[in-house]
Protein chains: 2
Amino acid sequence: MRRFVVIGQQATAAGDFLLIDVAGTSGRLDVLLRCLRAALLVSHGLRRDTVVYLVLLGGPRAPRVVRVDGSAIRFVRPDERSLGVMVQKALEAGLEGCGFVEIRSGLAVAEGGLDAVLADLPAGSVATSYVLDEGAPDIRDAAIDVREPVFFVGDHLGFDDESRLMLAAHGVTRVGLGPVSVHAEDAITLVCNELDRRGA
Amino acid sequence: MRRFVVIGQQATAAGDFLLIDVAGTSGRLDVLLRCLRAALLVSHGLRRDTVVYLVLLGGPRAPRVVRVDGSAIRFVRPDERSLGVMVQKALEAGLEGCGFVEIRSGLAVAEGGLDAVLADLPAGSVATSYVLDEGAPDIRDAAIDVREPVFFVGDHLGFDDESRLMLAAHGVTRVGLGPVSVHAEDAITLVCNELDRRGA
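Chains are numbered independently. Their residues run from 1 in the order of the written sequence. Chain labels run from A onward and ligand labels from 1 onward, assigned in the order the entries are written. Thresholds applied to this predicted model are a pLDDT of at least 70 for local features of residues and 80 or more for the giving and counting of side-chain atom pairs; totals over whole chains, interfaces and linings are not thresholded and use all residues. With hydrogens and water excluded, all non-hydrogen atoms of the structure serve as input to the side-chain values.

In this section: unusual backbone geometry. Cis peptide bonds are those with omega within 30 degrees of zero, and the linkage from A:Ala62 to A:Pro63 qualifies with -5 degrees. Summarising the element assignment, A:Pro63 is placed in the loop between β4 (50-58) and β5 (64-69). Unlike most non-glycine residues, B:Arg28 shows phi in positive territory, near 65 degrees. Locating B:Arg28 in the fold gives a position in the loop between α1 (22-25) and α2 (29-40). We count a stretch as a helix when DSSP gives it H or I for four or more residues in a row; a strand needs E for two or more, and each element gets its number in order from the N terminus.

All names here are of chain A. A pair of strands counts as paired when DSSP detects no fewer than two bridges linking them. Pairing in this open sheet of eight strands is mixed, and the strands run β6-β7-β5-β4-β1-β9-β8-β10 from one edge to the other. Unpaired on one side and paired on the other, β6 (101-104) and β10 (173-175) mark the two borders of the sheet. The average undirected angle you get between the axes of adjacent strands in this sheet is 25 degrees. Pairing geometry for β4 and β5, over six bridges, is antiparallel. When the bridges of β5 are listed, valine 55 appears paired with valine 65. Sheet strands touched by helix α3 (residues 80-92): β1 (2-12), β4, β5, β6 and β7 (107-111). Its angle to β5, the strand with the most contacts, is close to 125 degrees. All axes here are fitted lines through C-alpha atoms, helices being fitted over the stretch that makes contact, and every angle between N-to-C directions spans 0 to 180 degrees. Any two residues whose heavy atoms approach within 4.5 Å are treated as being in contact.

A few words now on the packing of α2(B) against helix α6 (residues 184-199) of chain B. All names here are of chain B. For the pair α2 and α6, the least separation of the axes is 8 Å and the interaxial angle reads 15 degrees. Regarding the angle of α2 to α6, the classification is roughly parallel. Classified by chirality, the crossing of α6 by α2 is right-handed. Touching Val31, Arg34, Cys35, Arg37, Ala38 and Ala39 of α2 are Ala184, Glu185, Ile188, Thr189 and Cys192, all from α6. Looking at the contact of α2 with α6 residue by residue, the class counts come to seven nonpolar, one polar and three charged. In this scheme, roughly parallel covers angles under 35 degrees and roughly antiparallel covers those over 145, while 65 to 115 is roughly perpendicular and the rest are oblique. Two helices cross in a left-handed way if the nearer one is turned anticlockwise from the farther one by less than a right angle. They cross in a right-handed way if the turn is clockwise. Only Asp, Glu, Lys and Arg are considered charged, only Ala, Val, Leu, Ile, Met, Phe, Trp, Tyr, Cys and Pro nonpolar, and every remaining residue, Gly among them, polar.

What follows covers the packing of aromatic side chains. For this analysis, a ring pair means two rings from Phe, Tyr or Trp (six-membered ring only for Trp) whose centres lie within 6.5 Å, classed as stacked if their planes differ by under 30 degrees, edge-to-face if by over 60, and tilted for the remaining angles. Under the counting rule described, the total for this entry stands at six aromatic pairs over all chains. Relative to B:Phe151, the ring of B:Phe4 has its centre 5.6 Å away and its plane inclined at 20 degrees; by these criteria the two rings are stacked. Note that B:Phe4 is positioned in strand β1 (residues 2-12) and B:Phe151 in strand β9 (residues 150-154), a separation of 147 residues in sequence. A single burial state applies to B:Phe4 and to B:Phe151, both of which are buried. Within the aromatic cluster, the residues linked to one another by ring pairs are A:Phe4, A:Tyr130 and A:Phe151. The residue whose ring lies beneath A:Arg67 is A:Phe100, and the NZ or CZ to ring-centre distance is 4.6 Å. Exposed residues in this analysis have more than 50% of their type's maximum accessible area, buried residues have under 20%, and partly exposed residues fall in between, with area computed by a 1.4 Å probe over protein chains only. Put simply, a charge is over a ring when the Lys NZ or the Arg CZ is close to the ring centre, within 6 Å, and near the line of the ring normal, within 35 degrees.

So, about the pairing of β1(A). All names here are of chain A. Taken across its eleven residues, β1 has nine buried, putting it largely inside the fold. When β1 meets β4, the two strands line up parallel, connected through eight bridges. Paired with phenylalanine 4 across the strands is valine 52, a residue of β4. As judged from the five bridges shared by β1 and strand β9 (residues 150-154), these two strands associate in the parallel manner. Following the sheet pairing, arginine 3 is matched in β9 by valine 150.

Attention now goes to helix α2 (residues 29-40) of chain A. Structural remark: α-helix, 3.6 residues per turn; residues separated by three or four positions point the same way. Residue and element names in this part refer to chain A. An expected span of 1.5 Å times one less than the residue number is assigned to each helix. For α2, built from twelve residues, the straight-helix expectation of 16 Å at 1.5 Å per residue is met to within 8% by its first-to-last C-alpha distance of 17 Å. The buried fraction of α2 amounts to twelve of the twelve residues, a majority that puts the element mostly inside the structure. Of all the residues in α2, the buried ones are Leu29, Asp30, Val31, Leu32, Leu33, Arg34, Cys35, Leu36, Arg37, Ala38, Ala39 and Leu40.

A separate point is empty space enclosed by the protein. Two kinds of site are reported from a 1 Å grid over the protein atoms alone, namely cavities, where a 1.4 Å probe fits but cannot get out, and pockets, open sets with protein on both sides within 12 Å along at least five of seven lines, and residues are called lining when an atom falls within 4 Å of a point. Grid points are joined across faces, edges and corners, and a volume is the space filled by probe spheres set on the points. Summed over all chains, the structure comprises five cavities of 30 Å³ or more. Considered as a void within the structure, the largest cavity measures approximately 170 Å³ in volume. The wall of the largest cavity is formed by 16 residues, among which A:Glu80, A:Arg81, B:Leu19, B:Glu80 and B:Arg81 lie closest to the centre. Listed by contribution, the elements that provide at least two residues to the lining of the largest cavity are α1 (22-25) and α3 of chain A together with α1 and α3 (80-92) of chain B. Residues of the lining of the largest cavity, tallied by class, amount to eight nonpolar, no polar and eight charged. Around the second largest cavity sit 14 residues that line it, and A:Arg140, A:Asn193, B:Arg140, B:Leu190 and B:Asn193 are the ones nearest its centre.

On to the pattern of salt bridges, then. Residues and elements named next belong to chain B. Within this document, salt bridges are pairs made up of a side-chain nitrogen of Lys or Arg and a carboxyl oxygen of Asp or Glu, the two lying within 4 Å of each other. Taken as a whole and assessed by the stated rule, the structure comprises 36 salt bridges over all chains. Between arginine 28 and aspartate 30 there is a salt bridge, with its nearest N and O atoms 2.8 Å apart. For glutamate 185, the salt bridge goes to arginine 34, with nearest N and O atoms at 2.5 Å. Here glutamate 185, found in helix α6, pairs with arginine 34, found in helix α2; they are 151 residues apart in sequence, far enough to count as distant. Glutamate 185 sits in the buried class, given a relative accessible area of 2%.

Glancing now at the sheet that holds strand β8 (residues 129-132) of chain B. All names here are of chain B. Taken in spatial order, the eight strands make up an open sheet running β6-β7-β5-β4-β1-β9-β8-β10, and their pairing is mixed. Whereas interior strands pair on both sides, the edge strands pair on one side only; in this sheet they are β6 (101-104) and β10 (173-175). The average undirected angle you get between the axes of adjacent strands in this sheet is 25 degrees. α2 rests against β1, β4 (50-58) and β5 (64-69) of the sheet, and its axis sits at about 175 degrees to β4.

See below:
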């Protein structure tokens, strides 16, 4: 299973954003919605081998994490509005219990931030965890585990200090994607393509 | 200058789609809007060396082409709604004259389809024209002109027969992007990264 963890420094953990203006009312949750599409969807299909975590660190309900599991989710559409509806419903649902609580098949929410994600990763994932970072060694030349990789991705603001410290403590390997600094969703697209090529 | 030509088989050439539901009311113009972002925007910046043509073959006002010139456009935001507003304004503006008529700096509209694009390309572009096609030789191994390349991209429906014939007559070179068929916007992201690496 491939895993992508996208950290939204100001992305709202509450469901009260406006679908007509997600970018302007959600702490730029739109960036994370586009990451969902890039990680999960291919031409006329869904990547069943992929799980995406959206770490929402913004607003009064933060921190919370939305988890979308490609092996179980259904009816994922690529446009930002549809993805916004899906995440909004997840955030508005009442939560009970600890850890990830499933809202519907393949869609779950947890209280907590990056710590909740790290607790949810399979044992041994430390050895196969990567962080996408400008100026790091090129992914094309890097040894990447294609079976159980976990990629940590910053949003348009990069990584906050606390997340950086947690990732360093987790023991991630830094990888880069080329000479130009790209959007988070493009970074995910480039990683998926590299994994596709190695797995083919 | 890099050029991307995205062909929307059913994407509306009229501006009467709903911003609250672009995907459901525009013949999937949302696909082309995401292509705009992928081609033009990088982290905290705009690719000044890139021109994007959206070929709109759907609806009663078709065919028309929207051209966005990265060297002159301003205030491009990455979210689908903002991009939808920009394209809607272009399509609603009255047109006079032939060829591309500028609506505002960097944003122009022309009557016509792929023919209008081909007429707008610089002389000699035949030698540097590529079409992204599944199963074609891998772009990583292909000889690509990095100074003046033109990439033709199909939407979620691929290419219509007439476009295929016109591209074949134009003399394009087929290139592929790996073993998995990806969305049009992801294809553009992958091409941009390859060009960035070669130009670095």
